[in-house]
Amino acid sequence: MSEKSSIEKADVVAVEAGSSRDVIVPQSGPERDAIVKRLKLKLDFRLVPYLALLYLFNALDRGNIGNARLAGIEEGTHLKGNDFYNALSFFYFGYTISQIPNMFIMKKVTPAVLVGVTMILWGVCSTAMAGTKNYSGLVAARFFMGVFEAGVGPAAPIILSFFYLRHELAWRTALFYGSSTFAGAFGGLIAYGVAKNLTHESLAPWQLLFIIEGIPTIFLGIVTIFVLPNAPETLERWFVTPEEKQVAIERSRSGHNTDNSLLDKRQLFAALKDHKNLFTCLIYIGLNIPLASYTSFLPTIVKLMGYEDAKAQLMTVPPYACAIVCVFAVCWNSDRTRRRGFHVAGSALVACIGYILLISSGNVKANYTGACFVAMGLYPIIPLMLSWVANNNVGHTKRAVSIALLNTFGQCFATVGTQIYKTPTAPRFFMGYGVCLAFTVVMIVFSLVLTFVLNRENNRRDEQYGEPKPLTPEEQQEAIDNGIYDDHSSFRYFI
């Protein structure tokens, strides 16, 4: 064999493309860069926007009960005392118990089937809320909606990690989870439109709201089963070229996606014992208490600032619009700098400023500004945390369980957020704002501590093993088979 042919063979990978010829894929150089650029552009225009659309409906159906409260749901279902707050809590009970089971179901039935079927089911629950006549019916619908909504949120970071490298995740996850801020804005606009323009002789405005937002979810769930990509290996020929598909597979493997077991018990226990997951869960608890209260009670809080029902629905839009800008900007910079912890702490500090404004002033403009600051601080932390956990856990099972643990603990404590804005404390809500302020401080403290711990471990590995070298897929699989995971000497944590 000539020297030239040896070099060419070392510089390319030949793979069976499912046709009569092999696909030659450059491993470096301008041609490889061009293939990667085309592949990412296609994924950015198909996968990420579609996941964002799914989560928009997820957040819309979850949060519309706050708008329905201003539209008369308490009177229509004869709620008394703490019934409304308890109904909110039952959603999170259902969401919590189905987190980890959904991660294993996803590996058994494919992400498209899991996400699509659960969308259909929660859409049915959301639409059915229009027919509830009493507290029991409302609680049942909210509980099962929580069970089924847990299929989309935790699955999305796993799906994205199949197609993107570690330093590309936060920005894409932000585009996905940023749609929840769009949902807050659209929810207010839809509720305003219903209150102002729609009337029905037998349906109240709050019932129309659930129907209008629930039925499209069912349709979208059916479509999702057939169009959502599951993994690089299953990308369709009409969507990518054979070269792009092979590069997508190689990128996925280089991102520590090489194990194919349904349930690796060693990875399960490794996730449960990993001290990093304790820190991330504490940070996420600190996030979900103020976040759950914000999405459910913002319309009520705005109304008590002096706005009428329909105007209050409309005035919930600007805080979410501010949040959208911050989500994209913060997560883009996080990927650019490859830093997560400082961005989490900085965002939490912005939320702190917002709660201080809400607590310290009875002025409507100051309170409204505080509400905007809270949204700007809280919402970027969602994609940052999910990316951080996905970045720092090797192995399908370990990553899936770690994300499920994050969501499980976060949603458990989200029930606290639904109970702290009691009507007798209106309009200043000192207890609610004070609790939320305390937990934003918790986020700052533990995100900085985790950043310090991970940075110290990276420095220790640099001193002991030198600069890390990229692992081949075979070396990654060997590390997983041996139970090493992210403790491998060549692995470095995102801080």
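Just so you know, these numbers come straight off a predicted model, no measurement behind them.

J.: Explain the overall build of the protein to me, and be specific about the residues and the numbers.
T.: The helix and strand inventory of the protein stands at 22 helices and two strands. For 495 residues, the compact-globule formula gives about 23 Å, and the C-alpha radius of gyration of the protein, at 24 Å, lands near that figure. Viewed in the frame of its principal axes, the protein has a C-alpha envelope of about 85 × 50 × 40 Å. Buried positions account for 56% of the 495 residues belonging to the protein. The contacts of the protein with a sequence gap of at least 6 include a subset with a gap of at least 24, amounting to 82%. Total accessible area on the protein stands at roughly 20000 Å², and carbon and sulfur atoms take up 65% of it. Taking the average place of the 43 positive charges on the side chains of the protein and the average place of its 37 negative ones, the gap between the two points comes to 5 Å.

J.: Summarise the pattern of salt bridges; cite the residues concerned and give the values.
T.: Per the stated rule, a full pass over the model turns up 16 salt bridges. For the salt bridge of Glu-250 with Arg-32, the shortest nitrogen-to-oxygen distance reads 2.6 Å. Placement of Glu-250 in helix H12 (residues 242–254) and of Arg-32 in helix H2 (residues 30–70) is noted, with a sequence separation of 218 residues between them. According to the relative accessible area criterion, Glu-250 is buried, its value standing at 13%. Taking the shortest distance from any N to any O, the salt bridge between Asp-274 and Lys-276 comes out at 2.5 Å. In this structure, Asp-274 and Lys-276 share a single accessibility class: buried.

J.: Explain a nonpolar patch on the surface to me, and be specific about the residues and the numbers.
T.: Taken together, the side chains of Ile-105, Val-109, Val-113, Val-117 and Leu-121 define a hydrophobic patch exposed on the protein surface, amounting to about 310 Å² of accessible area. For the nonpolar patch, the secondary-structure elements that each account for two or more residues are helix H5 (99–109) and helix H6 (111–128). The partly exposed category is assigned to Val-109, whose relative accessible area is 30%.

J.: Could you give me a rundown of unusual backbone geometry, with the residues and numbers involved?
T.: A positive phi angle, close to 60°, is found at His-78, a residue other than glycine. Considering the arrangement of structural elements, one finds His-78 in the loop between helix H3 (73–76) and helix H4 (83–97). Here His-78 falls in the exposed class, since its relative accessible area comes to 57%.

J.: Can you explain the state of the cysteines? Please cite residues and give values.
T.: Tallied over the full model, the rule gives zero disulfides. Here Cys-372 stays free of any disulfide, with the sulfur of Cys-322 as its closest cysteine sulfur at 4.4 Å.

J.: Outline the packing of aromatic side chains, supporting the account with residue identities and numerical values.
T.: Aromatic ring pairs are reported here in terms of the distance separating the ring centres and the angle at which the planes meet. The final tally for this structure, using the stated rule, is 20 aromatic pairs. On the numbers, 5.6 Å between centres and 75° between planes, the contact of Tyr-421 with Tyr-433 is edge-to-face. Taken together, the residues span a long stretch of sequence, with Tyr-421 in the loop between helix H20 (396–417) and helix H21 (430–465) and Tyr-433 in helix H21 at a distance of twelve residues. You can call Tyr-421 buried: its relative accessible area is 3%. The exposure class of Tyr-433 is buried, given its relative accessible area of 3%. An aromatic cluster is defined as three or more aromatic residues linked by ring pairs; in this entry it consists of Tyr-355, Tyr-421, Phe-429 and Tyr-433. Over the ring of Tyr-85 we find Lys-422; its NZ or CZ atom is 4.7 Å from the centre of that ring.

J.: So what about the environment of Ala-371? Which residues, and what values?
T.: Of note, Ala-371 is situated in helix H18 (residues 364–378). On a C-alpha basis, the gap between Ala-371 and Ile-353 in space is 9.8 Å, while along the polypeptide they are 18 residues apart. Once residues within four sequence positions are removed from consideration, Ala-371 is found in contact with Tyr-294, Leu-298, Pro-319 and Leu-358.

J.: Any chance you could break down the environment of Phe-57 for me, citing the residues and the numbers?
T.: Here Phe-57 shows up in helix H2. Residues Phe-57 and Ile-218, 161 residues apart in the sequence, show an inter-C-alpha distance of 10.0 Å. Filtering out sequence-adjacent residues up to four positions away, Phe-57 remains in contact with Trp-122, Glu-213, Pro-216, Thr-217 and Leu-220.

Cut-offs used in this document
- Residues numbered from 1 in each chain as written.
- Predicted model: local features only at pLDDT ≥ 70, side-chain atom pairs only at ≥ 80, totals over all residues.
- Heavy atoms only, no water.
- Helix = DSSP H or I, 4+ residues; strand = E, 2+ residues; numbered from the N terminus.
- Rg over C-alpha atoms; globule rule 2.2 N^0.38 Å.
- Buried < 20%, exposed > 50% of the residue type's maximum accessible area, 1.4 Å probe, protein only.
- Contact = heavy atoms within 4.5 Å.
- Areas by Shrake-Rupley, 256 points an atom, 1.4 Å probe, with all protein chains shown as cover.
- Lys, Arg positive; Asp, Glu negative; His and termini not counted.
- Charge placed at Lys NZ, Arg CZ, Asp CG, Glu CD.
- Salt bridge = Lys/Arg side-chain N within 4 Å of Asp/Glu carboxyl O.
- Patch = residues over 30% accessible without salt bridge, like charges linked within 9 Å, V, L, I, M, F, W, Y side chains within 5 Å.
- Disulfide = S-S within 2.5 Å.
- Phe/Tyr/Trp six-rings, centres within 6.5 Å; stacked < 30°, edge-to-face > 60°.
- Lys NZ or Arg CZ within 6 Å of the ring centre and 35° of its normal.

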